[in-house]
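Chain residues, written in single-letter form:
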Amino acid sequence: MKLSKPSVPISRWAYIAALFFSINMLNNWAFAFSISVPVHIILRSFGSVTTMIAGFVRGKRYSRLQVASVALLTVGVVVSAWADSESKGKSMTIETQASTSEFTTGLSILMLAQLLSAYMGAYVEDTYASFGASWTENLFYSHFLSLPFFLPLSGPMRRQWSRLASTPALDRDVKTWPSSTNPVLADLLSTAPRGLVFLLINAATQLACISGVNLLSAKSSAVTVTIVLNIRKLVSFMLSTWLFGHELSTKMLLGSTLVFGSGALYGWETSWRLPRERKQSARNGGENVKIANGGATGGGGTKQSIGSLEKQT
């Protein structure tokens, strides 16, 4: 098996891999500082805002409707996450002063991760634009070049693996499996430690998720990617509410309306109205260029210019 030559300098992929590793480790590290899952989701939902700010700093300009859409979508995710935490009885309050100090530290870690994530999104977008790289190349190198960063964590990782391997087996009777199930697979799953089975399932779903994100980032802007990810979070809230038998509260319905509505508004503005406006401007600009070119060739040009004006009127 031979790797094809990358279309992007390997140093650039290594830099992206370092950012990718750092952001994910920071997001996970925040849980050690009194950051609950709902708060974690709420803070990470500001990715669209920070990515848009990063784009603005780099010279990109957004319409008022795009900015309003991102703001409304962020509010919708916050409301939905709050409603989801209430439906599951999860507390979002800070109990003691020590917890307050830890919470501030965790908040700072998450904010740093958000800034790095916005920067990485812009950097990857520039990489695609400059080198025409494929999303599969990004997917491979961002993970492959991240592996050496895990070497200092080999000890804790081995201990975690041992803990997962020592969990009870699924312990399911092979007879309860569907008749179409392979007997060998059914027997293997019924005796495998459930911790390792859940780890395998999580890895498979993560692969599908990150593959989709990389594919989307190769075809869309960094802001569009973060908006789609926020919509995905809302879908996760709604699925978890339905799967665990909770009812959709008024807050959840309000949040979902804001998220889906602002997402649709951003899509309409970005994919239809602005391209249509640019085409119209280009068409008008082309007509003006024809007139200007006609008037720049002396007497014959003057006649041509008059003829062009007559055609336009």
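All values reported here derive from a predicted model rather than from experimental measurement. (Residues numbered from 1 in each chain as written. Predicted model: local features only at pLDDT ≥ 70, side-chain atom pairs only at ≥ 80, totals over all residues. Heavy atoms only, no water.)

Engineer: Sorry, what's going on with the overall build of the chain here?
Structural biologist: A tally of helices and strands in the chain yields 12 helices and zero strands. Secondary structure elements of the chain occur, N-terminal to C-terminal, as α-α-α-α-α-α-α-α-α-α-α-α. Every one of the 313 residues in the chain was classed for burial, and the buried ones make up 32%. Of all intrachain contacts in the chain linking residues separated by at least 6 positions in sequence, the fraction that spans at least 24 positions is 78%. Counting only carbon and sulfur atoms, one obtains 65% of the accessible surface of the chain, whose full area is about 19,200 Å². (Helix = DSSP H or I, 4+ residues; strand = E, 2+ residues; numbered from the N terminus. Buried < 20%, exposed > 50% of the residue type's maximum accessible area, 1.4 Å probe, protein only. Contact = heavy atoms within 4.5 Å. Areas by Shrake-Rupley, 256 points an atom, 1.4 Å probe, with all protein chains shown as cover.)

Engineer: Just to check I follow, could you spell out the environment of Leu153 for this structure?
Structural biologist: Tracing the sequence through the fold places Leu153 in the loop between α6 (135-144) and α7 (154-165). Residues within four places of Leu153 in sequence aside, it is in contact with Phe21 and Met25.

Engineer: Quick question: what am I supposed to make of helix α9 (residues 194-219) here?
Structural biologist: Helical geometry: 3.6 residues make up each α-helical turn, so side chains three or four residues apart lie on a common side. If you check α9, its first and last C-alpha atoms are 38 Å apart, about what 26 residues at 1.5 Å a residue would give, namely 38 Å. By the burial criterion, the buried members of α9 are Gly195, Val197, Ile210, Ser211, Asn214 and Ser217. (Expected span 1.5 Å × (residues − 1).)

Engineer: How do you make sense of the packing of aromatic side chains when you look at a structure like this?
Structural biologist: Both the distance between ring centres and the angle between the ring planes are used here to describe each pair of aromatic rings. Following the criterion strictly, the structure yields 10 aromatic pairs and no others. When the centroid spacing of 5.1 Å and the interplanar angle of 75° are considered together, the rings of Tyr15 and Tyr123 count as edge-to-face. Taken as a pair, Tyr15 in helix α1 (residues 10-29) and Tyr123 in helix α5 (residues 97-131) lie far apart in primary sequence, 108 residues in all. Judged by relative accessible area, Tyr15 falls into the partly exposed class, the value being 35%. Between Phe21 and Phe150 the ring centres are 5.0 Å apart and the planes differ by 90°, which places this aromatic pair in the edge-to-face class. Highlighted residues: Phe21 in helix α1 and Phe150 in the loop between α6 and α7, separated in sequence by 129 residues. Three or more aromatic residues link up through ring pairs in this structure, and these residues are Trp13, Phe140, Tyr141 and Phe144. The ring of Tyr123 has Arg12 sitting right over it, with the charged end atom 4.2 Å from the ring centre. In this arrangement the basic side chain of Arg61 is found over the ring face of Phe56, its NZ or CZ atom lying 4.2 Å from the centre. (Phe/Tyr/Trp six-rings, centres within 6.5 Å; stacked < 30°, edge-to-face > 60°. Lys NZ or Arg CZ within 6 Å of the ring centre and 35° of its normal.)

Engineer: Help me out: how do you make sense of the pattern of salt bridges in this one?
Structural biologist: Oppositely charged side chains can form a pair if their charged atoms are brought close together. Counted under the stated rule, the structure contains three salt bridges. Of the charged contacts, one joins Glu125 and Lys60 as a salt bridge, the two residues approaching to 2.1 Å between their closest N and O atoms. Of the two residues, Glu125 sits in helix α5 while Lys60 sits in the loop between α3 (47-57) and α4 (64-87), which places them 65 residues apart along the sequence. One connected set of salt bridges, linked through shared partners, spans Glu269, Arg273 and Glu277. (Salt bridge = Lys/Arg side-chain N within 4 Å of Asp/Glu carboxyl O.)

Engineer: Where do I start with the UniProt feature "transmembrane region" (unreviewed entry) in the chain in this structure?
Structural biologist: Mapped onto this numbering, the UniProt entry gives "transmembrane region" (unreviewed entry) at residues 12-31, 37-57 and 64-83. Within residues 12-31, the helical portion is 90% and the strand portion 0%, while the C-alpha atoms at the span's ends are 30 Å from each other. (UniProt positions renumbered as here; feature names shortened; annotations may be inferred.)

Engineer: Would you take a moment to explain the side chain of Thr226 for this structure?
Structural biologist: Along the polypeptide, Thr226 turns up in helix α10 (residues 222-243). Here Thr226 falls in the buried class, since its relative accessible area comes to 16%. Leave out the neighbours within four places in its chain, and Thr226 touches Gly47, Ser48 and Thr51.

Engineer: Explain a nonpolar patch on the surface to me, please; I cannot follow it from the model alone.
Structural biologist: A cluster of nonpolar side chains, Val235, Leu239, Trp242, Leu243, Phe244 and Phe260, forms an exposed patch at the surface whose accessible area comes to about 690 Å². At four residues, the largest contribution of residues to the nonpolar patch is made by α10. (Patch = residues over 30% accessible without salt bridge, like charges linked within 9 Å, V, L, I, M, F, W, Y side chains within 5 Å.)

Engineer: Would you mind going over α1 with me for this structure?
Structural biologist: For α1, with 20 residues, the first-to-last C-alpha span of 28 Å sits near the 28 Å given by 1.5 Å per residue. For α1, the full list of buried residues reads Arg12, Trp13, Ile16, Ala17, Leu19, Phe20, Phe21, Ile23, Leu26 and Asn27.

Engineer: Would you mind showing me how to read the confidence of the model for the chain here?
Structural biologist: Predicted coordinates in regions of low pLDDT should not be interpreted in detail. When the pLDDT values of the chain are averaged, the result is 78; 79% of them are 70 or greater. Here residues 94-98 scores under 50 on pLDDT; set against residues more than four positions off or in separate chains, the count is three contacts. Contacts of residues 291-313 to residues separated by more than four positions or lying in other chains number 10 contacts, the stretch itself having pLDDT below 50. (pLDDT = per-residue confidence, 0-100.)

Engineer: How do you make sense of the packing of α3 against α10 when you look at a structure like this?
Structural biologist: Packed helix pairs are characterised by how far apart their axes lie and by the angle those axes make with each other. It is the contact of α3 with α10, at a shortest axis distance of 9 Å, that shows an interaxial angle of 175°. Relative to α10, the element α3 lies roughly antiparallel. Together, Gly47, Ser48, Thr51 and Met52 of α3 and Ala222, Val223, Thr226, Ile227 and Asn230 of α10 make up the contact between the two elements. Among the residues forming the contact of α3 with α10, the class breakdown is four nonpolar, five polar and no charged. (Axes fitted to C-alpha atoms, helices over the stretch in contact; angles between N-to-C directions. Parallel < 35°, antiparallel > 145°, perpendicular 65-115°, else oblique. Nonpolar A, V, L, I, M, F, W, Y, C, P; charged D, E, K, R; others polar.)

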